[in-house]
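Examination of the molecular architecture
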Amino acid sequence: MLTEKISLEKLRDTAWTIGQHYPMPKNGDFIALATQQPRQGCFIWSLAQASIDALKAKVPNDLFGSAHIVRIYDITDIEFNGLNAHSFFDIDVSGLCGRRFFGTQHTARLLMAEVGFRLMNGEFHALARSNPVFFERTGSSGNFDIHGRCVSSNGDFSFQVKNIFDSPVYTRFIEQLTKTNIEVAPVIAAFKPDHTINNFAAEDAQEAYGTQLSEHWKAMGSRVDTYACPLKYLTEAIAESSDAAILKAREELIQTALPVLQKAKPSVVYAQGFPVAAIVIPLAQRLNLPLVISIKSVETNGSPAERRCISKFGLEAILAASRIIVPSAAVESQVLFTWPPAKEKTYVIPDILHETNPVSHDPGSVKQRLHLHPSEPMVLFSGEIAHATGADLLVDAIFQVTKQTNLQFAIVGDGFLKGELEHRIGSGGLGHRVKFVGNVPHDWFESILLASDFVVIPARTWQDEGFAQTAVHFGRPVLTTHQSGIRCIKHGQNGLVTYDNPGSILWGLKELLANPLQGNMMRIVARRNAEQGKTIESAAVEHLICFLKAIVEKRGSI
């Protein structure tokens, strides 16, 4: 601890001494790049006179009239070799050393700087290169993903999930897995009809759905062994009006499948439909395994084999089953009315037979297909290209906003103003940043919408809200006007509401370019996904929970 009082003179001497040594002199040429804020950077450079003299000796005549510049490169996601940058721009500097601040429209990009001389013929000679620097985005990222991973409580079991909004069912699954006290998901012996026999139709939608469930069970760590059940004997049973054929089918299944299953050691037997369940019952009993039956209907207007199984063997299957899975409350009511003992065993798990994924394309690829820059933001206009929709107002604003920003535009639709506006854009030198796409198929339009950063509806008169609602549904903010009468757009929440003049639209375009609403739009999309209902993946997990509960109960009864 210092106790001596230091005089001001001594402090000045100490500061002078330090100033003579720091900052330490740089040996050789250098340039350092730094970011101050998302759209502003700074670089410091220093060149030795000897380096410039060496360059003069190398190109003595060409160096005359050259420009001393710093070149800023966009090298995002590439291995830079000096020539393959996405883009670059030059900043004039002077002197052997100095510091300069600069602005850029590039955000969420990796930039690098070189200092040197640009000759009159355009050739650039760099004397020093900076470190690469990432320029942050101005707001929340536009990228979001609903994929995730489900991990067991002890961390030794996990699998990928496609929709994190199904997390409640995954939590129940992990809890049930812990209660079951098995290290991995159950081993399932799944039995389905054998369609190699001409008497039975090919695999229908329900059985195809069962195949999809099996694929999801495998993805979640289960082993699924699928067996074809010999249903040919059921037709004989109908013709002979006896149970001998059914007994023969059971006997054959035990002879063929029992040795295999004893080696496979499954945890549960799963039967798709009454015909299969009627044959599988003795096999499950011989293996001392829980039997889970999937029943899609108990109506008697099916095939003869199905009607016989339902009437003759339905009660036997119900009593033998540990769990009965039905697709709806209506089927559950039918089952309980026909077989009251099924009350404590029946579980409703809706079938997801028509689950569709939204069209999804890489935004950069979509923009390239439109002949636009793949990494620059894009605005979408869609509708009739006319005065009423404000297409001409948008073009007036485009001529201003493209001078100040890096926005590009896709204009979808047709109308009597299309030719005139397209000519204005072309003659104004903006054809590379504004594309008139015309009318497009629905899937391709959806891809363009997903690739856009926001949507603009600059209408002078009332417009239908359908397009705006679709844009918000897909998480894209909407720039519209008070005159459009689009009430679903709330200013500052899921878009901006301006006036029907180029200046006001220009303001809105620049505001949304900074993307202040991205967080709101992500929450809107997240809420929409959460309310979409069950997915086939969640249905698969619900089945696994039923399997695990059946396993626990079977073990408790042993």
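Since we're looking at a predicted model, the values are computed, not measured. (Residues numbered from 1 in each chain as written. Predicted model: local features only at pLDDT ≥ 70, side-chain atom pairs only at ≥ 80, totals over all residues. Heavy atoms only, no water.)

1. Overview of the sheet that holds strand β17 (residues 378-382)
The strands that make up a sheet pair up through hydrogen bonds in the backbone, lying either parallel or antiparallel. With parallel pairing, the 6 strands of this open sheet are ordered in space as β19-β18-β17-β20-β21-β22. Looking at strand neighbours, the two that pair on one side only are β19 (434-438) and β22 (495-498), the edges of this open sheet. Here the average twist between neighbouring strands, direction ignored, is 20 degrees. Judged from the 5 bridges that link them, β17 and strand β18 (residues 408-412) form a sheet pairing that is parallel. Among the inter-strand pairings, Met378 is bridged to a residue of β18, identified as Gln408. Running at roughly 170 degrees to strand β20 (residues 454-457), helix α14 (residues 466-473) makes contact with β17, β20 and β21 (478-481) of the sheet. (Pairing = 2+ DSSP bridges. Helix = DSSP H or I, 4+ residues; strand = E, 2+ residues; numbered from the N terminus. Axes fitted to C-alpha atoms, helices over the stretch in contact; angles between N-to-C directions. Contact = heavy atoms within 4.5 Å.)

2. Some words on the packing of helix α11 (residues 391-404) against helix α15 (residues 502-513)
At their nearest, the axes of α11 and α15 sit 8 Å apart, and the two run at 50 degrees to each other. Between α11 and α15, the angle falls in the class oblique. Helix-helix and strand crossings are classified by hand; for α11 and α15 the assignment is right-handed. Only Pro502, Ile505, Leu506, Leu509 and Lys510 of α15 make contact with α11, whose side of the interface consists of Leu393, Leu394, Asp396, Ala397, Gln400, Val401 and Gln404. Within the contact of α11 with α15, the residues separate by chemical class into 8 nonpolar, 2 polar and 2 charged. (Parallel < 35°, antiparallel > 145°, perpendicular 65-115°, else oblique. Left-handed = near helix turned anticlockwise from the far one by under 90°. Nonpolar A, V, L, I, M, F, W, Y, C, P; charged D, E, K, R; others polar.)

3. Things to note about the packing of aromatic side chains
The tally for this structure, following the rule as stated, stands at 10 aromatic pairs. Relative to Phe102, the ring of Phe43 has its centre 5.8 Å away and its plane inclined at 35 degrees; by these criteria the two rings are tilted. Here Phe43, found in strand β2 (residues 40-46), pairs with Phe102, found in strand β5 (residues 97-103); they are 59 residues apart in sequence, far enough to count as distant. By relative accessible area, Phe43 is classed as buried at 0%. Since its relative accessible area comes to 6%, Phe102 is described here as buried. Arranged with centres 6.2 Å apart and planes meeting at 55 degrees, the rings of Phe89 and Phe102 form a pair that is tilted. Here Phe89 is found in strand β4 (residues 87-92), whereas its partner Phe102 is found in strand β5, with 13 residues between them in sequence. On the basis of relative accessible area, Phe89 is assigned to the partly exposed category, the value being 26%. Feature note: the residues Phe43, Trp45, Phe89, Phe102 and Phe135 constitute an aromatic cluster, connected by ring pairs. Stacked on the ring of Trp444, the Lys or Arg Arg369 has its end atom at 3.8 Å from the ring centre. (Phe/Tyr/Trp six-rings, centres within 6.5 Å; stacked < 30°, edge-to-face > 60°. Buried < 20%, exposed > 50% of the residue type's maximum accessible area, 1.4 Å probe, protein only. Lys NZ or Arg CZ within 6 Å of the ring centre and 35° of its normal.)

4. With respect to the nonpolar core
Core analysis: the largest hydrophobic core is formed by 36 residues, its most contacted members being Phe191 and Leu283. A total of 9 residues in this core trace back to one element, the largest contributor, which is helix α7 (residues 274-287). When residues no more than four places from it in sequence are discounted, the contact partners of Leu283 are Phe191, Leu253, Ile254, Ala257, Leu258 and Leu261. The next biggest cluster of nonpolar side chains, apart from the first, holds 32 residues, and it includes Cys150, Phe159, Ile188 and Phe547. (Core = buried A, V, L, I, M, F, W, Y, C linked by side-chain atoms within 4.5 Å.)

5. Thoughts on a nonpolar patch on the surface
On the surface, a nonpolar cluster with roughly 300 Å² of combined accessible area is contributed by Ile6, Leu8 and Leu11. Mapping Ile6 onto the fold places it in the segment before α1 (8-21). With a relative accessible area of 42%, Ile6 lands in the partly exposed category. (Patch = residues over 30% accessible without salt bridge, like charges linked within 9 Å, V, L, I, M, F, W, Y side chains within 5 Å. Areas by Shrake-Rupley, 256 points an atom, 1.4 Å probe, with all protein chains shown as cover. Salt bridge = Lys/Arg side-chain N within 4 Å of Asp/Glu carboxyl O.)

6. Focus on the pattern of salt bridges
Under the criterion given, the structure shown has 12 salt bridges. A salt bridge links Arg129 to Glu114; the nearest nitrogen and oxygen atoms lie 2.7 Å apart. Taken together, the residues span a long stretch of sequence, with Arg129 in strand β7 (residues 124-129) and Glu114 in strand β6 (residues 109-118) at a distance of 15 residues. The salt bridge involving Asp225 is made with Arg223; its shortest N-O contact spans 3.3 Å. Accessibility expressed as a relative area gives 36% for Arg223, which makes it partly exposed. Salt bridges sharing common partners tie together Arg71, Asp90 and Arg118.

7. Here's the deal with helix α13 (residues 442-451)
Of all 10 residues in α13, 8 are buried, a share of seventy percent or more. What α13 keeps buried is the set Trp444, Phe445, Glu446, Ser447, Ile448, Leu449, Leu450 and Ala451. Residues of α13 that are buried make contact with α10 (363-369), β17, β18, β19, β20 and α14.

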